[in-house]
Amino acid sequence: MTFSFYDAVVPSNLQVLAAIDTLLNKAEAFCAEHNRAESDLIESRLAPDMLPFGYQVKSCAVHSVGAIEGVRAGSFSPDRSAWPTDFAELHGLLQDAISTLKAVDRTEFDELVATDTQFAIGDTGIPFTGANFLLSFSQPNFYFHASTAYAILRAQGVKLGKRDFLGMLRIAG
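Here goes a summary of the coordinates provided.

**Quick word on the overall build of the protein**
Inference 1: A count of helical and extended segments in the protein gives seven helices and three strands.
Inference 2: Start at the N end of the protein and walk to the C end: the helices and strands fall as α-α-α-β-α-α-β-β-α-α.
Inference 3: A compact globule built from 173 residues should have a C-alpha radius of gyration of about 16 Å, and the protein, at 17 Å, falls within 12% of that.
Inference 4: Here the protein holds 173 residues, and the buried ones make up 45% of them.
Inference 5: Of the contacts formed within the protein by residues at least 6 apart in sequence, a portion of 74% connects residues at least 24 apart.
Inference 6: Per element, the accessible surface of the protein, about 8900 Å² overall, is 55% carbon and sulfur.

**Some words on the nonpolar core**
Inference 1: With 48 residues, the main nonpolar core has Phe53, Phe87 and Phe109 as its most contacted residues.
Inference 2: Listed by contribution, the elements that provide at least two residues to this core are helix 1 (5–33), helix 2 (38–42), helix 3 (53–73), helix 4 (87–102) and helix 6 (130–155).
Inference 3: Tallying contributions element by element places helix 1 first for this core, with 13 residues.
Inference 4: Setting aside its immediate chain neighbours within four residues, Phe53 contacts Leu24, Leu41, Ile42, Ser44, Phe87, Leu90, Ala149, Ile152 and Leu153.

**Side note on the packing of aromatic side chains**
Inference 1: Applying the stated criterion across every chain yields a total of eleven aromatic pairs.
Inference 2: Aromatic pair Phe133 and Phe137: ring centres 5.3 Å apart, planes at 25°, arrangement stacked. Placement of the pair is Phe133 and Phe137 together in helix 6, with a separation of four residues, close to one helical turn.
Inference 3: When the centroid spacing of 5.2 Å and the interplanar angle of 80° are considered together, the rings of Phe142 and Tyr143 count as edge-to-face.
Inference 4: Three or more aromatic residues joined by ring pairs make a cluster, and in this case those are Phe76, Phe119, Phe128, Phe133 and Phe137.

**With respect to the sheet that holds strand 2 (residues 116–121)**
Inference 1: If you trace the three strands from one edge of the open sheet to the other, you get 1-2-3, paired in mixed fashion. Every interior strand has two partners, whereas the edge strands, strand 1 (75–76) and strand 3 (124–129), have only one.
Inference 2: Relative to strand 3, strand 2 runs antiparallel, the two being bridged by six bridges. Residue pairing across strands places Thr117 opposite Phe128, the latter belonging to strand 3.
Inference 3: Here helix 6 sits on the sheet in contact with strand 1, strand 2 and strand 3, set at roughly 105° to strand 3.

**Describing the side chain of Gln15**
Inference 1: Structurally, Gln15 can be placed in helix 1.
Inference 2: At a separation of 2.5 Å, a polar atom in the side chain of Gln15 contacts the side chain of Arg170.
Inference 3: If we skip the residues at most four places from it in the chain, Gln15 touches Leu166, Met168, Leu169 and Arg170.

**So, empty space enclosed by the protein**
Inference 1: Evaluation of the coordinates by the stated rule reveals one cavity of 30 Å³ or more.
Inference 2: Considered as a void within the structure, the largest cavity measures approximately 40 Å³ in volume.
Inference 3: Lining of the largest cavity is provided by Val9, Asn13, His63, Ser64, Leu134, Ser138 and Gln139.
Inference 4: Going through the elements one at a time, helix 1, helix 3 and helix 6 are the ones with two or more residues in the lining of the largest cavity.
Inference 5: The element best represented in the lining of the largest cavity is helix 6, accounting for three residues.

Definitions and cut-offs
- Residues numbered from 1 in each chain as written.
- Predicted model: local features only at pLDDT ≥ 70, side-chain atom pairs only at ≥ 80, totals over all residues.
- Heavy atoms only, no water.
- Helix = DSSP H or I, 4+ residues; strand = E, 2+ residues; numbered from the N terminus.
- Rg over C-alpha atoms; globule rule 2.2 N^0.38 Å.
- Buried < 20%, exposed > 50% of the residue type's maximum accessible area, 1.4 Å probe, protein only.
- Contact = heavy atoms within 4.5 Å.
- Areas by Shrake-Rupley, 256 points an atom, 1.4 Å probe, with all protein chains shown as cover.
- Core = buried A, V, L, I, M, F, W, Y, C linked by side-chain atoms within 4.5 Å.
- Phe/Tyr/Trp six-rings, centres within 6.5 Å; stacked < 30°, edge-to-face > 60°.
- Pairing = 2+ DSSP bridges.
- Axes fitted to C-alpha atoms, helices over the stretch in contact; angles between N-to-C directions.
- Polar contact = N/O pair within 3.5 Å; in protein donor to acceptor, adjacent residues only side chain to side chain.
- 1 Å grid on protein atoms, 1.4 Å probe; cavity = no way out; pocket = protein on both sides within 12 Å on 5 of 7 lines; lining within 4 Å.
- Points joined across faces, edges and corners; volume = space filled by probe spheres on them.

Here you go:
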């Protein structure tokens, strides 16, 4: 069996994005059960100097679909736009990312391996190939933000376990 660039990126992004979307369902139920405003969780942080839950969820979309779009364009810059402020918008953001990833053409994606990609921040640029950018920069960021979103909800008291983070496993058979 040949393992492609697509296989190294897209299926895992889909798995974790779906898991984060399910975490949002649990967060909504938690808010309803404990009479807490959505904004209480969406603006929650692990530390005062860390960006909040809403940003973490948004960054999962940015470092999956947004990163792929950046490679296609040859340049990726940090997304400094505001994050969604309610669960419906966060669900929409994740669902859009999932739909976009499901539509990615495997052959076209595999051709992005050697694409010159610049990580641009301010006047600074860091050169990558498409593969190195996605695998050494965006994929670690994707998992960082996904695990941070999970940790914020846990710290707020939402009952979650490892299976909630992993989502639907891709098992043989």
